[in-house]
Amino acid sequence: MFTNYFKIAWRYLLKTKLYALVNILGLALGMTSCLLIGIYIFNELSFDHFNKNANRIVRATMDYNSGDAPNTTAMTGTKVGPQFKRTFPQVEAYVRTIKYPRVIGYKDKVFDEKRFLYADPAFFNVFSFKLLNGNAATVLDAPDKIVLTQSMSKKYFGDENPIGKTVTVGIKQLIVSGIAADAPNNSQIKFDFVSSFMGFSSAKEEKWWEANYITYLLLHNASDIPVLQKQVAGYMKTVSRDELKMTGANNYLTYHLEPFLKVHLYSSLEGLEPNNNILYIYILGIVAILILLIACVNYTNLSTAQAAGRSAEVGMRKVMGAGKMQVFYQFICESFLLTLIAVITGVVLSLILLPYFNQLSGQELTTGVLFHPVTIISLLLLAIIVAFMAGAYPAIVLSNGKIIQVLKSGFNFTGGSTLRKTLIVFQFTISIFLIIATIVILQQLSYVRNKDLGYDKEHILVLPVDRKMSPDYDAIRAAIASAPNVVSVAGAYETPTDIGWGDGMHKGTGDNEKSVTVNAFPVDEHIVKTLGLRIIAGSDYTNADVQQFDTSNGGENLHYTYMLNESAVKALGWTPQEAIGKTITKGRSGVVKAVIKDFHLHSFHEPINPLVVFLDKRMVLSMFVKISGKDVQSTLNSLQKVWKQRVTHRPFDYHFLDEEYDAMYKTEQRTAGVFTTFASLAILLACLGLFALTAYTMVQRTKEIGIRKVLGATIPDILSLVSKDFLKLVILALVIAVPVGYYATNKWLDNFSYKISITPWVFIIAGLATIIIAFITISAQAIKTAMANPVKSLRTE
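Here's what I pulled together on the structure shown here. Everything numeric in this text was worked out from a predicted model, so none of it was measured.

1. A short note on the overall build of the protein chain
Step number 1: On a plain count of helices and strands, the protein chain comes out with 26 helices and 24 strands.
Step number 2: Here the contacts in the protein chain between residues at least 6 apart in sequence split such that 80% fall between residues at least 24 apart.
Step number 3: For the protein chain, the accessible area works out to roughly 35700 Å², and carbon and sulfur atoms hold 58% of it.

Right under this line is the structure:
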């Protein structure tokens, strides 16, 4: 019986090729969108679930006030892990980690490696990273041990067995003690090398402060998390203020425990890898559902529109004895057959488009994920739901027709026209909403790219500086500065795109003391010129300031000179002019040399914090080389030549400062790409349905149009007649979409401290674009019908 239903359904699809093609293409594109976005969401939700202990692991985050305002960071000092294990019986183990770029060498192979991780010995016991060779309990139990991933083993050793061999890390020799499988893509901890935390020189002493480390705790039971959180808060209040080095009445230090599985999507504090945002997951999920709904609406619309043409078929079936359920099964089988073809097409399209989707989303999803059992089951369930969603209403309406009524006056059903109009409005509301969201996101990204940051980021190379280079820093800097097309060279502890050093400073003493939480930026004397910082009071560093920074004799003659930004001066209660010559203390007392205009220390998500800039070339880890921009490749070749002469122990590994800045907005850029792609797809599907519906309407009104032409109607008259009803629906959709789009995009913009204002032009452009596209879609069919010979149309009818 069902075989016959599917055979008849297949014949009908062949008979109505245009409508079948529109439905299959629409559903296939909807399925493809759902499938690609679905596997992306599945990957994001699966982050860190491969860890067997995942539900028992927490990340300790730091909450403190060392000045005038509270601060939170994912970084902690070195004392948190061991002290909490000693104090709280719920803590089974701890792992402190820090990612620190290192130059790795083996024989003639030398590379600058970015994913070098220092971790405590318990690392491979707490986390479920697979060890292919080595014992999890001992691979990191000594400061001279190192574990390589399988990829790095191949890179450095080829087919050799690396176990027991020695690699050079900076100036140290480390023994390869283990080989680990490459870290999964869905992990918040990614590494190429792991060395013992005991071998990291800055981490040997336990300190509450100097927060540069990510600390994880493994608990005995997941249920201990809320209890332990309360105990931690209470315990930190008992630690003496002297031990915490706190003087202000409002100063405090405490820690929060973030469940490990919540970090990637729910935490605002980034750790070893950038986090995603659960909001974007919800948005993508909604977009996928909306795209699929548009495709389903197309099917439902066309099926109900075609109902009138199937009156004789339904009537004859019922005359021949077909019951209501048999007619229903016939039409629902059509829906299932069409959906099955769409699903197969969607899977093929997904396989083809997956590489492009990876580029769009920044993921590394493989085709294997499409054949994962969860994906297959989800796809089958989705196909069944779509088949019923799209086909149930037309099937019910067609099967419920009265025999006499159908044969006498043709098939008709109450509310069919209203339903089609409602669905068209629904389609275009979704499309316009996505267009509005896309425009706002692109405008915000344009604002981020083009806003004056307060420093120059164009044509500036960033080069690494290590301890081996520090003694010869001035000579290396001078050699690089003399290269062709080099404008200036400077150095700093870190790049200005995201200054992470948090510190405290104060002015005055006793009752007159004023403390401020600041970001600290150690630099050399050339930083203002090279980065284009703007001094609004005072003067730039000179050789005299450099001479005052005398580190000989234990630093007894060392004098600091400080620069403050506008926010820091304001927090201290001064004007820029008043600040010059004043004494402030940040560890050591020093005089304010200059006030610089505020520049963005972080992304636009965060406000500009108070900043203190101070001379200390010992702290320089990044060198900034400003080039003219002329003949860039030749300039890079010259710099590489100088580098190889002056820095023989590490490769010439550089990046541009503007690339680093752009990388901070990868999530937003991906969101913009996704919205642009799927907004275009939504409007395409909506217009595809409108095109087919217009074509069907033209067939139904062929006789009417022929009569109108005989009576003198022109092509514009007929075009106006046909298009006005559809365009009214598009305008209604615009009225609905505008307030929804305004509210949703404003909520998204609330994530930024610096943002655009949404202007009426956003909605005007979205509305005009949609109306024009819809009008062109309608006109394509209407003009063709209007130009037909009316005599032929009337004779045919």
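2. A word on the packing of helix 3 (residues 80-87) against helix 6 (residues 224-238)
Step number 1: In the contact formed by helix 3 and helix 6, the axes pass within 12 Å of each other and the chain directions differ by 105°. Taken together, the axis directions place helix 3 and helix 6 in an arrangement best described as roughly perpendicular. In this structure, helix 3 uses Gln-83, Phe-84 and Thr-87 to contact helix 6, whose residues at the interface are Val-232, Tyr-235 and Met-236.
Step number 2: Looking at the contact of helix 3 with helix 6 residue by residue, the class counts come to four nonpolar, two polar and no charged.

3. Comments concerning helix 20 (residues 632-646)
Step number 1: With 15 residues, helix 20 should cover 21 Å at 1.5 Å per step; its first-to-last C-alpha distance of 21 Å lies within 8% of that length.
Step number 2: By the burial criterion, the buried members of helix 20 are Thr-635, Leu-636, Leu-639, Val-642 and Trp-643. Along the axis of helix 20, the buried positions cluster into a sector of 125°, meaning they face one direction only. Away from the buried face of helix 20 by more than 90 degrees, exposed residues Gln-633, Lys-641, Lys-644 and Gln-645 are located.
Step number 3: Taken together, the buried residues of helix 20 touch strand 14 (460-464), helix 15 (473-481), strand 15 (486-492) and strand 23 (622-627).

4. Overview of unusual backbone geometry
Step number 1: The phi torsion at Asn-485 lies on the positive side, around 70°, for a residue other than glycine.
Step number 2: As for its placement among the helices and strands, Asn-485 is situated in the loop between helix 15 and strand 15.
Step number 3: The partly exposed category is assigned to Asn-485, whose relative accessible area is 32%.
Step number 4: Non-glycine residue Asp-631 carries a positive phi angle of around 45°.
Step number 5: Relative to the helices and strands, Asp-631 resides in the loop between strand 23 and helix 20.

5. Some thoughts on a nonpolar patch on the surface
Step number 1: On the surface, a cluster of nonpolar side chains totalling about 700 Å² of accessible area is made up of Trp-761, Ile-764, Ile-765, Leu-768, Ile-772, Phe-775 and Ile-776.
Step number 2: Locating Phe-775 in the fold gives a position in helix 25 (residues 760-786).
Step number 3: For Phe-775, a relative accessible area of 34% translates into the label partly exposed.

6. Some points on the packing of aromatic side chains
Step number 1: As enumerated under the stated definition, the model contains 41 aromatic pairs in all.
Step number 2: Between the aromatic rings of Trp-501 and Phe-614, the centroid separation amounts to 6.1 Å while the plane-to-plane angle is 90°, which identifies the pairing as edge-to-face. In this pair, Trp-501 is assigned in the loop between strand 15 and strand 16 (502-507) and Phe-614 in strand 22 (residues 611-615), connecting sequence segments 113 residues apart.
Step number 3: For Phe-614, a relative accessible area of 2% translates into the label buried.
Step number 4: On the numbers, 5.3 Å between centres and 40° between planes, the contact of Phe-652 with Tyr-654 is tilted.
Step number 5: By way of ring pairs, the aromatic residues Tyr-100, Phe-111, Phe-116, Tyr-118, Tyr-156, Phe-193, Phe-197, Phe-200 and Tyr-213 are connected into one cluster.
Step number 6: Lys-582 extends its terminal NZ or CZ atom over the ring of Trp-574, reaching a point 5.8 Å from the ring centre.

7. Here's the deal with the pairing of strand 3 (residues 91-99)
Step number 1: Bridge count between strand 3 and strand 12 (residues 214-219): six bridges; the pairing is antiparallel. Residue pairing in the sheet places Val-95 in a bridge with Tyr-216 of strand 12.
Step number 2: Sheet topology note: the strand 3/strand 6 (residues 116-119) ladder contains three bridges and is antiparallel. Residue pairing across strands places Ile-98 opposite Tyr-118, the latter belonging to strand 6.

8. With respect to the environment of Phe-336
Step number 1: Summarising the element assignment, Phe-336 is placed in helix 11 (residues 324-361).
Step number 2: Residue class for Phe-336 comes out partly exposed when judged on its relative accessible area of 27%.
Step number 3: Put simply, Phe-336 and Val-386 are 50 residues apart on the chain and 8.7 Å apart in space, counted from C-alpha to C-alpha.

9. Digging into the pattern of salt bridges
Step number 1: What the rule picks out here adds up to 23 salt bridges.
Step number 2: Its salt-bridge partner being Glu-160, residue Lys-107 comes within 3.8 Å of it at the nearest N-O pair. Of this pair, Lys-107 sits in the loop between strand 4 (102-106) and strand 5 (109-113) while Glu-160 sits in the loop between helix 5 (150-157) and strand 9 (166-169), and the two are 53 residues apart along the sequence.
Step number 3: The partner of Asp-545 in a salt bridge is Lys-593, with the nearest N and O atoms 3.1 Å apart.

10. Section: helix 2 (residues 17-45)
Step number 1: Along its 29 residues, helix 2 runs 41 Å from first to last C-alpha, staying within 8% of the 42 Å computed at 1.5 Å per residue.
Step number 2: Of all 29 residues in helix 2, 22 are buried; the element is thus mostly enclosed.

11. Quick word on the side chain of Asp-63
Step number 1: You can see Asp-63 is positioned in strand 1 (residues 57-65).
Step number 2: It turns out Asp-63 is buried and unbridged, and the closest side chain with the opposite charge, Lys-237, is 11 Å from it.
Step number 3: Here the side chain of Asp-63 touches Tyr-252 through a polar contact of 2.9 Å, side chain to side chain.
Step number 4: Aside from chain neighbours lying at most four places away, what touches Asp-63 is Asn-71, Thr-72, Tyr-252, Leu-253, Thr-254 and His-256.

12. Regarding the environment of Gly-285
Step number 1: Of note, Gly-285 is situated in helix 9 (residues 278-305).
Step number 2: Residue Gly-285 is classed as buried on the basis of its relative accessible area, which comes to 17%.
Step number 3: As for Gly-285 and Ile-37, which are separated by 248 residues in sequence, their C-alpha atoms are 7.0 Å apart.
Step number 4: Aside from chain neighbours lying at most four places away, what touches Gly-285 is Ile-37 and Ile-41.

13. Description of the packing of helix 24 (residues 715-749) against helix 25
Step number 1: Two elements in contact, helix 24 and helix 25, have axes separated by 9 Å at closest approach and are oriented at 155°. What the angle tells us is that helix 24 and helix 25 run roughly antiparallel. Where helix 24 crosses over helix 25, the handedness of that crossing is right-handed. Contacts between helix 24 and helix 25 involve Ile-715, Ile-718, Leu-719, Val-722, Ser-723, Phe-726, Leu-727, Val-730, Ile-731, Leu-734, Val-738 and Tyr-742 from the first element and Phe-763, Gly-767, Thr-770, Ile-771, Ala-774, Phe-775, Ile-778, Ser-779, Ala-782, Ile-783 and Ala-786 from the second.
Step number 2: In the contact of helix 24 with helix 25, the residues fall into 19 nonpolar, four polar and no charged.

14. Re the side chain of Arg-96
Step number 1: Within the secondary structure, Arg-96 sits in strand 3.
Step number 2: For Arg-96, the residues in contact, after removing those within four places along its chain, are Thr-78, Pro-82, Tyr-118, Ala-119, Asp-120, Phe-197, Ile-214 and Thr-215.

15. Some details on the environment of Ala-686
Step number 1: In this fold, Ala-686 is placed in helix 22 (residues 666-700).
Step number 2: With 257 residues separating them in the primary sequence, Ala-686 and Thr-429 have C-alpha atoms 9.9 Å apart.
Step number 3: Discounting chain neighbours no more than four positions away, the residues touching Ala-686 are Ile-294, Gln-427, Phe-428 and Ser-431.

16. Overview of the pairing of strand 5
Step number 1: Bridge count for strand 4 against strand 5 is five bridges, and the pairing is antiparallel. Within strand 5, the position partnered with Val-103 by the bridge is Asp-112.
Step number 2: Linking two consecutive strands that pair antiparallel, namely strand 4 and strand 5, is a turn of two residues; a positive phi of about 55° is found at Lys-107 within it.

17. Quick notes on the nonpolar core
Step number 1: Counting residues in hydrophobic clusters, the biggest one holds 118 residues, and the most contacted among them are Phe-428, Leu-434 and Ile-527.
Step number 2: No other element matches the 15 residues that helix 14 (residues 416-450) contributes to this core.
Step number 3: For this core, the two domains that each supply at least three residues are domain 2 (425-451 + 664-797) and domain 3 (467-649).
Step number 4: Filtering out sequence-adjacent residues up to four positions away, Ile-527 remains in contact with Ala-490, Gly-491, Ala-492, Phe-521, Gly-532, Leu-533 and Phe-624.

Definitions and cut-offs
Residues numbered from 1 in each chain as written. Predicted model: local features only at pLDDT ≥ 70, side-chain atom pairs only at ≥ 80, totals over all residues. Heavy atoms only, no water. Helix = DSSP H or I, 4+ residues; strand = E, 2+ residues; numbered from the N terminus. Contact = heavy atoms within 4.5 Å. Areas by Shrake-Rupley, 256 points an atom, 1.4 Å probe, with all protein chains shown as cover. Axes fitted to C-alpha atoms, helices over the stretch in contact; angles between N-to-C directions. Parallel < 35°, antiparallel > 145°, perpendicular 65-115°, else oblique. Nonpolar A, V, L, I, M, F, W, Y, C, P; charged D, E, K, R; others polar. Expected span 1.5 Å × (residues − 1). Buried < 20%, exposed > 50% of the residue type's maximum accessible area, 1.4 Å probe, protein only. Arc of directions from axis to C-beta. Patch = residues over 30% accessible without salt bridge, like charges linked within 9 Å, V, L, I, M, F, W, Y side chains within 5 Å. Salt bridge = Lys/Arg side-chain N within 4 Å of Asp/Glu carboxyl O. Phe/Tyr/Trp six-rings, centres within 6.5 Å; stacked < 30°, edge-to-face > 60°. Lys NZ or Arg CZ within 6 Å of the ring centre and 35° of its normal. Pairing = 2+ DSSP bridges. Lys, Arg positive; Asp, Glu negative; His and termini not counted. Polar contact = N/O pair within 3.5 Å; in protein donor to acceptor, adjacent residues only side chain to side chain. Left-handed = near helix turned anticlockwise from the far one by under 90°. Core = buried A, V, L, I, M, F, W, Y, C linked by side-chain atoms within 4.5 Å. Domains from an automatic or database assignment.

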